[in-house]
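Residue-level listing of the chains:
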Amino acid sequence: MSTTPMHLRQELAALLAREGALTDPGWGRAVAAVPRERFLGEAVFHRDESMAGDHWHSLRRSHLPEEEWWEMAYSDQTWVTQVDGIPAEAAGTTVVGAPTSSSTMPSMVVMMLERAGISDGDKVLEIGTGTGYSTALMCERLGDGQVTSVEYDRHAALRARLALEDSGYAPTLVAGDGLAGYDKNAEYDRLIATCSVRYIPMAWMEQVRDGGTITTPLSGWMPGDAMAHLTLADDGTASGRFLPDDFAFMPARPHARPPRSSYVIGLGIERESRIDPNILDDHTGRFVAQLGAPSAEKLGFGDEIILLDVATGSQATTRRDPKGAGWLVRQHGPLKLWHAVEDAVLTWQYAGSPHQAGFGLTVTRQGQRVWLGDPDGPSWDLPA
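Attention here is on the structure that accompanies the text. (Residues numbered from 1 in each chain as written. Predicted model: local features only at pLDDT ≥ 70, side-chain atom pairs only at ≥ 80, totals over all residues. Heavy atoms only, no water.)

Before going further, it helps to examine the overall build of the protein chain. Within the protein chain one finds ten helices and 21 strands. The C-alpha atoms of the protein chain give a radius of gyration of 22 Å, which matches the 21 Å a tight globule of 384 residues would have. Summarising its shape, the C-alpha atoms of the protein chain cover approximately 65 × 55 × 35 Å along the three principal directions. Residues counted as buried form 52% of the 384 residues belonging to the protein chain. The contacts in the protein chain between residues at least 6 apart in sequence include a share of 62% that link residues at least 24 apart. Of the charged side chains in the protein chain, 33 are positive and 51 negative; the average position of the first set lies 4 Å away from that of the second. (Helix = DSSP H or I, 4+ residues; strand = E, 2+ residues; numbered from the N terminus. Rg over C-alpha atoms; globule rule 2.2 N^0.38 Å. Buried < 20%, exposed > 50% of the residue type's maximum accessible area, 1.4 Å probe, protein only. Contact = heavy atoms within 4.5 Å. Lys, Arg positive; Asp, Glu negative; His and termini not counted. Charge placed at Lys NZ, Arg CZ, Asp CG, Glu CD.)

Put into structure tokens, the structure is as follows:
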């Protein structure tokens, strides 16, 4: 059989089903119908593994055999389309920086759509259009009139609009701040975010119907990630457990880490640490530490961790104790960052060190609280 986009789409749908990422036949039909190659645009970025740091090369569609481009599009792989605001098609030979837009690997996209419980007849608000591929999947299954998508980056929004139109889809597309949602098409049955947030925006709560759901990555500046799946109650609150999947997405631009000024480490009084700093290299351990110190950024790894708080200048630095088997921590500034991290990590470890799925989130107008075990268990306030 010749290699064609239609053939490769069908193969991708079959692969995702075999791997367990896709269990709903409705999403299988959507994957087999949506032309992902159109949503990659004219170029994507490829990380240069031979160089230290984030160095990216632009791979241009016009420079590759057509079948190779198709095979790239239908591999279960994330393709970065923008680095530090520079689109791949506008890049020179090499760009240094962090990804700011991408076409997420199809298995993750479909798993998230399934975990959100989106099904026939649902009216959906998507926060983070990105390339428009996930938007197209929802249009294919639900119909254009059921899908509203908001994109903060105006270049990415235009790029997605053109790709969707070229593929025959016409959802409501909005270029603006996704944290404000889009109230003109409210109320929604499902809200799904493909960017991470530090807390749940109240506008989302107001635009989802009672009994509807919000599914979004919750992250921070360490960064620690968890996938929240909340159900709206008729009293204006929302609550739910985190999902067992380890999804990670780029942060919503307004929730991204603020610029870091120059700093001097090693200030303050030193004492013995009550925890092993290496726990912050663990996915869940970092999420828990972030609950304790939500305004801190993590640098370093292993024994030598640096926590910095941009707003107050507070810091904590760790190192192995040269005279013993433990670790030392030195703290400086008005916030005792390591005290808060130790308390959170020890509470988690006492409970058996569960995955993020052992935690939940409750959102009210009075505050947002992550809890461990059940809503009456130990809890931490989000910076809402």
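Still to come is the rest of the account.
Strand order across the open sheet formed by ten strands is 9-8-7-10-11-12-13-19-20-21, with mixed pairing between neighbours. At either end of the open sheet lies a strand with only one pairing partner, and these are strand 9 (172-175) and strand 21 (379-381). Averaged over all neighbouring strand pairs, the angle between strand axes comes to 15°, with direction disregarded. Both strand 7 (residues 124-127) and strand 10 (residues 188-193) contribute to a ladder of four bridges, which runs parallel. In the sheet register, Val124 faces strand 10, and the bridge partner there is Arg190. Across the sheet, helix 5 (residues 106-115) lies against strand 10, strand 11 (208-218) and strand 12 (226-232), angled at about 145° from strand 10, the strand it touches most. (Pairing = 2+ DSSP bridges. Axes fitted to C-alpha atoms, helices over the stretch in contact; angles between N-to-C directions.)

A few words on the nonpolar core. Counting residues in hydrophobic clusters, the biggest one holds 51 residues, and the most contacted among them are Leu307, Val341 and Phe359. Here this core gets six residues from one element, more than from any other, and that element is helix 10 (residues 337-350). Leaving out residues up to four positions away in the same chain, Leu307 has contacts with Met222, Leu280, Ala296, Glu297, Lys298, Ser314, Gln315, Ala316, Leu337, Trp338 and Val341. Trp69, Met112, Leu113 and Met227 belong to the second-largest nonpolar core, a separate cluster that totals 44 residues. (Core = buried A, V, L, I, M, F, W, Y, C linked by side-chain atoms within 4.5 Å.)

With antiparallel pairing, the five strands of this open sheet are ordered in space as 14-18-17-16-15. The two strands at the open ends of the sheet, each matched to only one other strand, are strand 14 (269-272) and strand 15 (296-301). Going from strand to strand, the sheet's axes swing by 20° on average, the running direction of each strand aside. Where strand 17 (residues 315-320) and strand 18 (residues 327-332) come together, six bridges link them in antiparallel fashion.

By the criterion of burial, helix 9 (residues 283-292) is predominantly enclosed, with eight of the ten residues buried. All buried positions along helix 9 are accounted for by Thr284, Gly285, Arg286, Phe287, Val288, Ala289, Gln290 and Leu291. If you follow the buried residues of helix 9, they end up packed against strand 12, strand 15, helix 10, strand 19 (359-364), strand 20 (367-372) and strand 21. Two to three positions downstream of the cap, the backbone nitrogen of Thr284 sits 3.1 Å from a side-chain oxygen, assigning the N-cap of helix 9 to Asp282. (Polar contact = N/O pair within 3.5 Å; in protein donor to acceptor, adjacent residues only side chain to side chain.)

So, on to the packing of helix 2 (residues 25-33) against helix 6 (residues 133-142). Running from N to C, helix 2 and helix 6 cross one another at 120°; their axes reach a closest spacing of 9 Å. In terms of orientation, helix 2 and helix 6 fall into the oblique class. Along this stretch, helix 2 crosses helix 6, giving a crossing that reads as right-handed. Between helix 2 and helix 6, the contacting residues are Gly26, Trp27, Ala30, Val31 and Ala33 on the first element and Tyr133, Leu137, Met138, Glu140 and Arg141 on the second. (Parallel < 35°, antiparallel > 145°, perpendicular 65-115°, else oblique. Left-handed = near helix turned anticlockwise from the far one by under 90°.)

A few words on unusual backbone geometry. A cis amide bond links Ala186 with the next residue in sequence, Glu187, at an omega value of 10°. Cis peptide bonds are those with omega within 30 degrees of zero, and the linkage from Met222 to Pro223 qualifies with -15°. As for its placement among the helices and strands, Pro223 is situated in the loop between strand 11 and strand 12. Positive phi outside glycine occurs at Asp84, with the angle close to 50°. Relative to the assigned elements, Asp84 resides in the loop between strand 3 (79-83) and strand 4 (86-87). One non-glycine residue, Ser353, lies in positive phi territory at about 55°. Among the structural elements, Ser353 can be located in the loop between helix 10 and strand 19. The exposure class assigned to Ser353 is partly exposed, which follows from its relative accessible area of 34%.

Before going further, it helps to examine the side chain of Thr81. Mapped onto the elements of the fold, Thr81 is located in strand 3. Leave out the neighbours within four places in its chain, and Thr81 touches Leu40, Val44, Phe45, Ile86, Pro87, Ala88, Ser101, Ser102, Ser103, Thr131 and Arg159.

Aromatic ring pairs: the centre-centre distance and the angle between the two ring planes describe each pair. As enumerated under the stated definition, the model contains four aromatic pairs in all. Note on Phe39 and Tyr133: the rings are 6.2 Å apart at their centroids and 65° apart in plane angle, and the pair reads as edge-to-face. On the criterion of sequence distance, the pair formed by Phe39 in helix 3 (residues 36-39) and Tyr133 in helix 6 is long-range, its members being 94 residues apart. Of the two residues examined, Phe39 and Tyr133, each falls in the buried class. Consider the rings of Phe287 and Phe359, whose centres lie 5.7 Å apart with planes at 85°: the pair is edge-to-face. Of this pair, Phe287 sits in helix 9 while Phe359 sits in strand 19; the two residues are 72 residues apart in sequence, bridging distant segments of the chain. (Phe/Tyr/Trp six-rings, centres within 6.5 Å; stacked < 30°, edge-to-face > 60°.)

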